[in-house]
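# Report on the structure
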Amino acid sequence: MKSTIKEQIITFLTTSNKKSFSAEEIAEGLQLNKSNDFKLLVQTLAAMEREGAIVFNKKGKVKLPPKQVLVEGIFRANERGFGFVTIDPEEDDVFIPKEATGYAMDGDTVAIDIVKISDPFSERGAEGRVVAIRKRAVNQIVGEFTLFDETEIAESDLYGSVKPKDKNFNGLRVLVAAEGIKPVDGSIVIVEITHYPEKDYPTSIEGLVKQVIGHKNDPGMDILSIVISHGIPTRFPENVLAQADKVPDTINPADFPERKDRRDQLIVTIDGEDAKDLDDAVTVKKLANGHFFLGVHIADVSYYVTEGSPLDQEAYDRGTSVYLTDRVIPMIPQRLSNGICSLNPHVPRLTMSCEMEIDQTGKIVKHEIFPSIIQTAERMTYTAVNAIIEESNPEISKRYEELVPMFFEMAELHSILEQQRMQRGAVSFEDREAKVLVDENGQPQDIVLRSRGVGERLIESFMLAANETVAEHYNKLHLPFIYRIHEDPKEEKLQRFFDFAAALGMVVKHTKGTITPKDLQKVVADVADRPEAMVVNMMLLRSMQQAKYSEHNAGHYGLAADYYTHFTSPIRRYPDLIVHRLIRSYAQDTSKKMQTKWQDNLPEIAHHSSDMERRAVSCEREVDAMKKAEFMQAHIGEEFDGVISSITKFGIFIELPNTIEGMIHISNLKDDYFHFVEQQLALVGERTGMTFKIGQKVRVKVTNANPETREIDFELVSAEEVTQLPRPQTNRNNRRSRNVDNRANRRKKNPPAKEKSSSKKGKLKVDLGTSKKKKGKKPFYKSVKKKKNK
């Protein structure tokens, strides 16, 4: 009966011209005037209000709730329980309070209702609540298994629990059902999720152990578990390896009469000492007219990795090779990447070539792109080339005397190309990269800065020239193509950088509304000799957009290039392999049908390749941070000089000369109560006026290093004196709202200030997922499962 009245009420409200009605008006309209009928109507209206089917206005009248306008986006979880939803990469994220996440997990596609719009005046972003989870991003979790005792297993129907390796899932309790594989305590396992968080268990997940990867004490298991937690495959499927095994180890040049033979040229590879996949080779010579001839020859991986084959599908899925501390996870099997596709010396190899004639100003006046055969004369290293060019090392020069003249011509051409890039406005960041050196068990022994000599930089110049030439060539043919693009920075991000620069006393001159790469290049040059150079470069990088792959040519802002692609590393990047495939494809067929095929396929390839690149970078950074924290465990209690690299309202980040970064939490700054001055990215003492700024030199002591959380904690010993900022107005009420131990905020976006309050009505007070189980009571999920089975 109630169900019928509900339907009548909804129909009445929907079809009426008026927007709101009293209960009496509804009763009259539905002819429910009898006493019992009216009582039932009132009860039904109350139930409908609780369900959200109707609402009461301020005058107590009934009306339909406003229609929700839902938007979809990707949910990003924060360790503290709240999250953010990315609707459009170009727009600010929407903040989701802890109580409004709707049990979404990191990476889920969700539908959200915007409950508060953004306020540009207070710089507060929009706020929303998750209404529905459209698609779960994660169906398995990697972590360390803890085995329950036999009594607990019998009572709970659970083998144990798993501590996730992914920090984004740290707040979740992962329970393993007592079915299938039963790992030993301390195993690193993959859990396939069978039940996700829900109302009664908001922080619990249940699943089955799908695979035991190894034990936590096994050498290299720490890195492997991070790799697997990112969804990066560590083994090649059997059909992929079978196809790789069928590829011959050698080639006979006579079998390729259609290819241009460049074995008579003096061609070399120049790479790091530990490189095994040599995918680019170069040659340079000075021409009679004063111009330079530059040949860039790239391994023709697309000849062996044929379209639609198992090798191709696996390379697409991986997207890129992943370079970690003590290993490489290749995009294609090593039999190819280190064998027939690697441009090893003194053996013929199939290549895709871009030959260029370059004048004295760095302009490419002629070029040709074609399949070829080459045979490299030497496998050179950056160290050896630098010793020849920069040090004139007699022993190494003697060893490679036949090649020495070419190396000096390479250096001359590089200087011309570099100058040409600088003149057009390319922004050159001398980033400080460090390499963690580990022993055979994966234990870090040292951290060394990577130096970039002429050898490294000239190869970079030649690869840039080839990439630009190939991109321009196919763009001007108006054929579908894949580009590497770097879009113009967003104005609001640049404005924040200008404000930061102004706080350091720097004035960035630019035309209002526009800023060219040349303007930013000048900033980098002006600050090069200042102590803040490293920090200014870092802040400038943060203000720029991420480079990505696209089927549309938008140019490359950072390089100040109108055309750019990735052509030079097909062994380790799938887009490069596609560029080679496009070159081969268009050499045979440029019909409308062929163009339509690529027009349809390239958007997905570009998008997926960008995603896989970000996945690899995230994994590489996480492993790097873990090994750096592991290295610093041996230095707890020691003091180091460093520079303030970042300041937030919860603390100061310090970078040491070896690129290790750690934090001094604001609660450990004992001398004063410090306020965060956002406009100048500074902390200022309320009583003393003591000021901490980005770029300030400090001396710190290591107090803690945790490889699991990838965090390093410092204690301030002393700080360089800097000009003090005005002391902030005292507001003692604000002190009580400060979260003293806010470590989970590290390296995360900060929520709106209102999120600090924990006393709001409706906030979840009990975390059932982490509470102790009552003796004898089986988990909620088990009872659900049994009911379903019935």
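Computed from a predicted model, the values in this text were never measured in an experiment.

## Some words on the overall build of the chain
Broken down by element type, the chain carries 20 helices and 33 strands. A total of 790 residues make up the chain; the buried ones form 49% of that total. A separation of at least 24 residues holds for 68% of the contacts in the chain among residues at least 6 apart in sequence. For the chain, the computed accessible surface area is about 39,800 Å², with 49% contributed by carbon and sulfur atoms.

## Overview of a nonpolar patch on the surface
A cluster of nonpolar side chains, namely Ile-87, Ile-114 and Ile-117, defines an oily patch on the protein surface of about 280 Å² accessible area. Relative to the assigned elements, Ile-117 resides in the loop between β6 (109-116) and β7 (127-135).

## As for helix α13 (residues 454-476)
When the terminal C-alpha atoms of α13 are compared, their 33 Å separation across 23 residues agrees well with the 33 Å that a helix rising 1.5 Å per residue should span. Buried residues dominate α13, accounting for 17 of its 23 residues. In the stretch just after α13, His-478 is the one whose phi turns positive, near 60°.

## A few points about the pairing of strand β28 (residues 661-665)
For β28, the tally of buried residues reaches 4 of 5 residues, placing the bulk of the element in the interior. Across 5 bridges, the pairing between strand β27 (residues 651-655) and β28 is antiparallel. Counted as the bridge partner of Ile-654 is Gly-662 from β28.

## What about the side chain of Ser-646?
Looking at where Ser-646 falls in the secondary structure, it is placed in strand β26 (residues 639-648). Assessed through its relative accessible area of 12%, Ser-646 is described here as buried. Ignoring anything within four residues of it in the chain, the contact list for Ser-646 reads Arg-542, Gly-651, Ile-652, Phe-653 and Ile-694.

## Some words on the packing of helix α17 (residues 574-588) against helix α18 (residues 592-632)
At a closest axis distance of 11 Å, the pairing of α17 and α18 adopts a crossing angle of 170°. Regarding the angle of α17 to α18, the classification is roughly antiparallel. On α18, the residues that touch Tyr-574, Pro-575, Ile-578, Arg-581, Leu-582, Ser-585 and Tyr-586 of α17 are Met-594, Trp-598, Leu-602, Ile-605 and Ser-609. The class makeup of the residues in the contact of α17 with α18 is 9 nonpolar, 2 polar and 1 charged.

## Notes on the nonpolar core
Ile-270, Met-380, Phe-407, Met-410 and Phe-462 are the most contacted members of the largest nonpolar core, which has 83 residues in total. The leading source of residues in this core is α13, at 10 residues. Sequence-distant contacts of Phe-407, defined by excluding residues within four places in its chain, comprise Val-268, Ile-270, Met-380, Val-385, Ile-388 and Ile-389. Core analysis: the next-biggest nonpolar cluster, separate from the first, contains 49 residues, Leu-494, Phe-500, Ile-644 and Leu-669 among them.

## Observations concerning empty space enclosed by the protein
Under the criterion given, the structure shown has 2 cavities of 30 Å³ or more. Put simply, the second largest cavity is a space of about 30 Å³. Every residue along the wall of the second largest cavity is listed here: Ala-299, Asp-300, Tyr-304, Ile-340, Cys-341, Leu-343 and Leu-350. Per-class residue counts for the lining of the second largest cavity are 6 nonpolar, no polar and 1 charged.

## Concerning the sheet that holds strand β11 (residues 187-195)
Spatially, 5 strands are ordered β8-β9-β10-β12-β11 in a closed barrel, and the strand pairing comes out mixed. Here the average twist between neighbouring strands, direction ignored, is 50°. Note: β11 against strand β12 (residues 204-215), 8 bridges, orientation antiparallel. Bridging from a neighbouring strand, His-195 pairs with Glu-206 of β12. Along the sheet, helix α5 (residues 221-229) makes contact with β8 (140-147), β11 and β12, crossing β12 at roughly 135°.

## Quick notes on the packing of aromatic side chains
For the coordinates displayed, the defined rule picks out 12 aromatic pairs. Ring geometry for Phe-650 and Phe-653: centres 6.5 Å apart, planes at 85°, overall edge-to-face. Take Phe-653: its relative accessible area is 4%, and that puts it in the buried class. Ring pairs connect the aromatic residues Tyr-474, Phe-481, Tyr-483 and Tyr-586, which therefore count as one cluster.

## Concerning the pattern of salt bridges
Oppositely charged side chains may form a pair once their charged atoms are brought near each other. Under the defined criterion, the tally for this structure stands at 36 salt bridges. Across the salt bridge formed by Asp-249 and Arg-335, the nearest N and O atoms sit 2.8 Å from each other. Pair noted here: Asp-249 is in the loop between α6 (238-246) and β13 (260-261) and Arg-335 is in helix α9 (residues 334-340), with a separation of 86 residues, a long-range link. Looking at Asp-249, the relative accessible area reads 52%, which means it is exposed.

## Comments concerning α18
Its 41 residues give α18 an end-to-end C-alpha distance of 60 Å, which sits within 8% of 60 Å, the value for a rise of 1.5 Å per residue. Largest kink in α18: about 35°, centred on Asn-601, with the proline Pro-603 one to four residues after it.

## Re the side chain of Ser-309
In this structure, Ser-309 sits in the loop between α7 (301-304) and α8 (310-318). Looking at Ser-309, its side chain comes within polar contact range of the side chain of Gln-243, at 3.3 Å.

## Quick word on the sheet that holds strand β30 (residues 682-685)
Whenever strands of a sheet pair, they do so through backbone hydrogen bonds, lying parallel or antiparallel. Here we have 3 strands laid out as an open sheet, ordered β29-β30-β31, and antiparallel in their pairing. A single partner strand is all that each edge strand has here, and the edge strands are β29 (674-677) and β31 (691-693). Ignoring which end each strand starts from, the neighbouring axes of this sheet average 20° apart. Here β30 pairs with β31 via 3 bridges, running antiparallel. Paired with Leu-683 across the bridge in β31 is Phe-692.

## Regarding the environment of Asp-185
With respect to the helices and strands, the residue Asp-185 is situated in the loop between β10 (173-177) and β11. If near-sequence neighbours (up to four positions away) are discounted, Asp-185 is found in contact with Phe-145, Thr-146, Leu-147 and His-215.

What counts as what
Each chain carries its own residue numbering, running from 1 in the direction its sequence is written. With pLDDT at 70 or above as the cut-off, local features in this predicted model cover only qualifying residues; side-chain atom pairs require 80 or more to be listed or tallied, and sums for whole chains, interfaces and linings still use all residues. Derived side-chain values reflect all non-hydrogen atoms in the structure, with water molecules and hydrogen atoms excluded from consideration. Under the scheme used here, helices are H or I runs from DSSP no shorter than 4 residues and strands are E runs no shorter than 2 residues, and both carry numbers assigned from the N terminus. Per-residue accessibility, obtained with a 1.4 Å probe over protein chains only, is compared with the maximum for each type, and a residue is labelled buried under 20%, exposed over 50%, and partly exposed between these values. Contacts between residues were defined by any pair of non-hydrogen atoms, one from each residue, lying within 4.5 Å. Each accessible area is a Shrake-Rupley estimate made with a 1.4 Å probe; only the visible protein chains count as cover when residues are assessed. A residue counts toward a patch only above 30% relative accessible area and without a salt bridge, and it is joined to like-charged neighbours within 9 Å or, for Val, Leu, Ile, Met, Phe, Trp and Tyr, to nonpolar neighbours within 5 Å. Basic side-chain nitrogens of Lys or Arg form a salt bridge, by our definition, when they fall within 4 Å of a carboxyl oxygen of Asp or Glu. Helix span, expected: 1.5 Å multiplied by one less than the number of residues in the helix. Strand pairing follows a simple DSSP-based rule, namely that at least 2 bridges must link the two strands. Axis lines are fitted to C-alpha atoms, over the contacting stretch for helices. Their N-to-C directions set the angle, which ranges from 0 to 180 degrees. For classification, angles of less than 35 degrees are called roughly parallel, those exceeding 145 degrees roughly antiparallel, those between 65 and 115 degrees roughly perpendicular, and all remaining angles oblique. Charged residues are taken to be Asp, Glu, Lys and Arg, nonpolar residues to be Ala, Val, Leu, Ile, Met, Phe, Trp, Tyr, Cys and Pro, and polar residues to be all remaining types, Gly included. Here, nonpolar core means buried Ala, Val, Leu, Ile, Met, Phe, Trp, Tyr and Cys residues that are tied together by side-chain atoms lying within 4.5 Å of each other. Buriedness of a pocket was judged along seven lines, with at least five required to meet protein on both sides within 12 Å; pockets are open sets of points on a 1 Å grid over the protein atoms alone, cavities are sets where a 1.4 Å probe fits but cannot get out, and lining residues have an atom within 4 Å of a point. Grid points are joined across faces, edges and corners, and a volume is the space filled by probe spheres set on the points. Stacked, tilted and edge-to-face pairs are distinguished by plane angle, under 30 degrees for stacked and over 60 for edge-to-face with tilted covering the rest, among Phe, Tyr and Trp rings (Trp via its six-membered ring) whose centres lie within 6.5 Å. Consider a residue and the seven residues that end there alongside the seven that start there; fitting an axis to each set, the bend is the angle between those axes. Between N or O atoms, a polar contact is any pair within 3.5 Å; within protein, one atom must be a potential hydrogen donor and the other a potential acceptor, and residues adjacent in sequence are included only when both atoms are from side chains.

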